[in-house]
Amino acid sequence: QQKVQQSPESLSVPEGGMASLNCTSSDRNFQYFWWYRQHSGEGPKALMSIFSDGDKKEGRFTAHLNKASLHVSLHIRDSQPSDSALYFCAARASSGSWQLIFGSGTQLTVMP
Amino acid sequence: DPKIIQKPKYLVAVTGSEKILICEQYLGHNAMYWYRQSAKKPLEFMFSYSYQKLMDNQTASSRFQPQSSKKNHLDLQITALKPDDSATYFCASSRGGASYEQYFGPGTRLTVL
């Protein structure tokens, strides 16, 4: 079973709308979470990290972490066509391997 | 200027051959990684190196061998190529430690015929 599950697989929102992406992990050793964005033909690029319970806001992007439920979300307000990309949730344990465990991704399309 | 260089961008190989994927990073990081992305699976961790030493290997096959000739280089040698090896291979780097962001290169897209 995949340790990091993302939903939905794909999402379409109108320009200016709100996009909400979800991620649930099945490993309580995960302490560090990132949201990565990947445009077609490029490598993934980190959008933001979140390590503590609660909300973290950076511009139009807000991440939320609930460690008790192992749930992470990303909300994009005022979505722009340039936000259209593949979004990944990634998690890492605090000790041991430094590998990132990625979810399967959410394909976001922002319609002009 | 790109901070992580991967060469080549595209690579076509025949089954049974051997190829080397090149990665150089100019971010001053001491940890480097290889990940693989295919249509069937999410980004998969393969290897991590710190100060040119292997830290973690999650690749079941010995056909995949990382090579670190310099602190900022981590190449990936793949032998006896199979069609299932077709994927995009990403190199990444970070500062040492679990809480540091990993920066990814542009990837090498490998197709095995």
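Residues numbered from 1 in each chain as written. Chains lettered and ligands numbered in written order. Predicted model: local features only at pLDDT ≥ 70, side-chain atom pairs only at ≥ 80, totals over all residues. Heavy atoms only, no water.

Peer 1: Is there a simple way to think about the environment of A:C23 in this case?
Peer 2: Residue and element names in this part refer to chain A. With respect to the helices, strands and loops of the structure, C23 is situated in strand 3 (residues 19–25). Along the chain, C23 and T106 lie 83 residues apart, while their C-alpha atoms are 9.7 Å from each other. Setting aside anything within four residues of it in sequence, one finds C23 in contact with V4, Q5, Q6, W35, L70, H71, V72 and C89. (Helix = DSSP H or I, 4+ residues; strand = E, 2+ residues; numbered from the N terminus. Contact = heavy atoms within 4.5 Å.)

Peer 1: Hey, could you run me through the interface of chain B and chain A in this one?
Peer 2: Interface size is commonly expressed as the accessible surface area that is lost when the partners come together. Of the residues lining the interface, 22 residues belong to chain B; the matching set on chain A comes to 23 residues. Between chain B and chain A, the buried area comes to about 1,700 Å², and carbon and sulfur atoms account for 59% of it. It is B:P42, B:L43 and B:A98 that lose the most area in chain B upon contact with chain A, and together they represent 29% of the buried surface on that side. Scanning the region where chain B abuts chain A turns up 0 salt bridges. At the surface where chain B touches chain A, the tally comes to 8 residue pairs in polar contact (both at pLDDT 80 or more). Residue assignment for the side of chain B that touches chain A shows that the elements contributing at least two residues are strand 4 (31–37) and strand 5 (44–50) of chain B. A per-element tally of the side of chain B that touches chain A places strand 4 of chain B first, with 4 residues. Partitioned by chemical class, the residues of the side of chain B that touches chain A number 11 nonpolar, 8 polar and 3 charged. (Buried area = accessible area lost by both parts, 1.4 Å probe. Salt bridge = Lys/Arg side-chain N within 4 Å of Asp/Glu carboxyl O. Polar contact = N/O pair within 3.5 Å; in protein donor to acceptor, adjacent residues only side chain to side chain. Nonpolar A, V, L, I, M, F, W, Y, C, P; charged D, E, K, R; others polar.)

Peer 1: Quick question: what am I supposed to make of the environment of B:K3 here?
Peer 2: All names here are of chain B. Tracing the backbone through its elements, the reader meets K3 in the segment before strand 1 (4–7). Distance in space between the C-alpha atoms of K3 and N57 is 24 Å, their sequence separation being 54 residues. Setting aside anything within four residues of it in sequence, one finds K3 in contact with E24, Q25, Y26 and L27.

Peer 1: What should I look at first to understand the sheet that holds strand 8 (residues 71–76) of chain A in this one?
Peer 2: Strand pairing in a sheet relies on backbone hydrogen bonds. The paired strands run either parallel or antiparallel. All names here are of chain A. Pairing in this open sheet of 5 strands is antiparallel, and the strands run 1-3-8-7-6 from one edge to the other. Of all the strands in the sheet, just strand 1 (4–7) and strand 6 (54–58) have a single pairing partner and so form its edges. Strand-to-strand, the axes of this sheet are offset by a mean angle of 15°, without reference to chain direction. By the bridge criterion, 4 bridges tie strand 1 to strand 3 in an arrangement that is antiparallel. The residue bridging Q5 from the neighbouring strand is T24, located in strand 3. (Pairing = 2+ DSSP bridges. Axes fitted to C-alpha atoms, helices over the stretch in contact; angles between N-to-C directions.)

Peer 1: Any chance you could explain the sheet that holds strand 3 (residues 19–25) of chain B here in plain terms?
Peer 2: Residue and element names in this part refer to chain B. Ordered by their spatial adjacency, 4 strands build an open sheet running 1-3-8-7, and the pairing between neighbours is antiparallel. Each end of this open sheet is capped by a strand with a single partner; those strands are strand 1 and strand 7 (64–67). Taken pair by pair, the neighbouring strands of this sheet meet at an average axis angle of 15°, ignoring direction. Judged from the 4 bridges that link them, strand 7 and strand 8 (residues 75–78) form a sheet pairing that is antiparallel. Bridged to Q67 within strand 8 is D75.

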